[in-house]
Amino acid sequence: MYNCQVTGFNDKADATTHAPRTSTDPMTGSHLADPTRVDASPDLIVTTASADETQRVGEALGRLLQPGDLVLLQGSLGSGKTTFTQGVARGMGLTSRVTSPSFTLANVYSPNDHGFPLNHLDLWRIKSAEEALGIGLEEYLSEDASCIIEWPDVAASVFPDEHVRIRFTANLDQRELSFRVDGTRGVAVVAALRDALQI
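Residues numbered from 1 in each chain as written. Predicted model: local features only at pLDDT ≥ 70, side-chain atom pairs only at ≥ 80, totals over all residues. Heavy atoms only, no water.

Draft legend 1. Here's a closer look at the overall build of the chain. Each helix and strand counted, the chain has 6 helices and 8 strands in total. For the chain, the succession of helices and strands along the chain, N to C, is β-α-β-α-β-α-β-β-α-α-β-β-β-α. Sorting the 199 residues of the chain into buried and exposed places 47% on the buried side. Of all intrachain contacts in the chain linking residues separated by at least 6 positions in sequence, the fraction that spans at least 24 positions is 67%. (Helix = DSSP H or I, 4+ residues; strand = E, 2+ residues; numbered from the N terminus. Buried < 20%, exposed > 50% of the residue type's maximum accessible area, 1.4 Å probe, protein only. Contact = heavy atoms within 4.5 Å.)

Draft legend 2. Geometry of the packing of aromatic side chains. Within this structure, the stated rule accounts for 2 aromatic pairs. Pairing Phe84 with Phe168 gives two aromatic rings, centres 5.4 Å apart and planes at 75°, and the pair type is edge-to-face. With Phe84 in helix α3 (residues 81-91) and Phe168 in strand β7 (residues 163-171), the pair connects residues that are 84 residues apart, well separated along the chain. Phe168 matches Phe84 in its accessibility class, with the two residues each being buried. (Phe/Tyr/Trp six-rings, centres within 6.5 Å; stacked < 30°, edge-to-face > 60°.)

Draft legend 3. Geometry of the confidence of the model for the chain. Model confidence for the chain is summarised by a mean pLDDT of 82, while 78% of its residues fall at 70 or above. Counting contacts from residues 5-42, a segment whose pLDDT is below 50, to residues more than four positions away or on other chains yields 73 contacts. (pLDDT = per-residue confidence, 0-100.)

Draft legend 4. Spatial organisation of the pairing of strand β3 (residues 70-75). Most of β3 is tucked away: 6 of the 6 residues are buried. Residues Leu70, Leu72 and Gln74 point to one face of β3 and Val71, Leu73 and Gly75 to the other, with burial holding for every one of them. Strand direction decides the pairing type here: β3 and strand β6 (residues 146-150), joined by 4 bridges, are parallel. Looking at the pairing, Val71 lines up with Ile148 of β6. Bridging between β3 and β7 involves 5 bridges; their strand directions are parallel. Looking at β7, one finds that Leu72 is bridged to Arg165. (Pairing = 2+ DSSP bridges.)

Draft legend 5. Molecular detail of the environment of Asp144. Its location among the elements puts Asp144 in the loop between α5 (137-140) and β6. Residue class for Asp144 comes out exposed when judged on its relative accessible area of 61%. Sequence separation of Asp144 and Phe116 is 28 residues, and the distance between their C-alpha atoms is 6.8 Å. When near neighbours in sequence (up to four residues on either side) are disregarded, Asp144 contacts Pro67, Phe116 and Pro117.

Draft legend 6. Spotlight on the pattern of salt bridges. Inspection of every chain in the model, using the stated rule, returns 5 salt bridges. One salt bridge in this structure joins Glu59 and Arg90, with 3.1 Å as the shortest N-O distance. Taken together, the residues Glu59 in helix α2 (residues 51-62) and Arg90 in helix α3 connect sequence positions 31 residues apart. Given the relative accessible area of 39%, Arg90 is considered partly exposed. A salt bridge links Asp69 to Arg185; the shortest N-O distance between them is 2.7 Å. (Salt bridge = Lys/Arg side-chain N within 4 Å of Asp/Glu carboxyl O.)

Below is the structure:
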């Protein structure tokens, strides 16, 4: 079963007590959370005990996504980002085999008949926002598809304001998924996910 913590950032005491841990990503050197951020966005933390559970959380999110939704995945190598995305694709009704786009930069999973595509990007090898735009990032951020981006920090300045950001932390077989949202759509998605997981 899922272990969860849900907190709101409606006051400074709450933010100080429950805000996600802040650190520097060892692979990118970028900051993973802003310790001074205090807003009304919910914070959802889900701890899974296996790859299957991580996929099931992704599947629940996939059922909620709509065209134009953007999900940013942060975390070290092997922390579960692609495993989670496999679940998202399954929840969207997509049957394509989901693999890491580390070397292709982008994989597009299209529906067989109805539904909408999932654009899956990995910016691990991208060095700047300008380079990300050069590979067609704006086209992948389409209103006709949902988009998941691994290693997104390098292009943070060009992302739309509305998105869901998930930080993956590995501890042996367990994975901690820490959700932060920006925009009203993100708030609604994470609230619906909490309900779907019955937590």
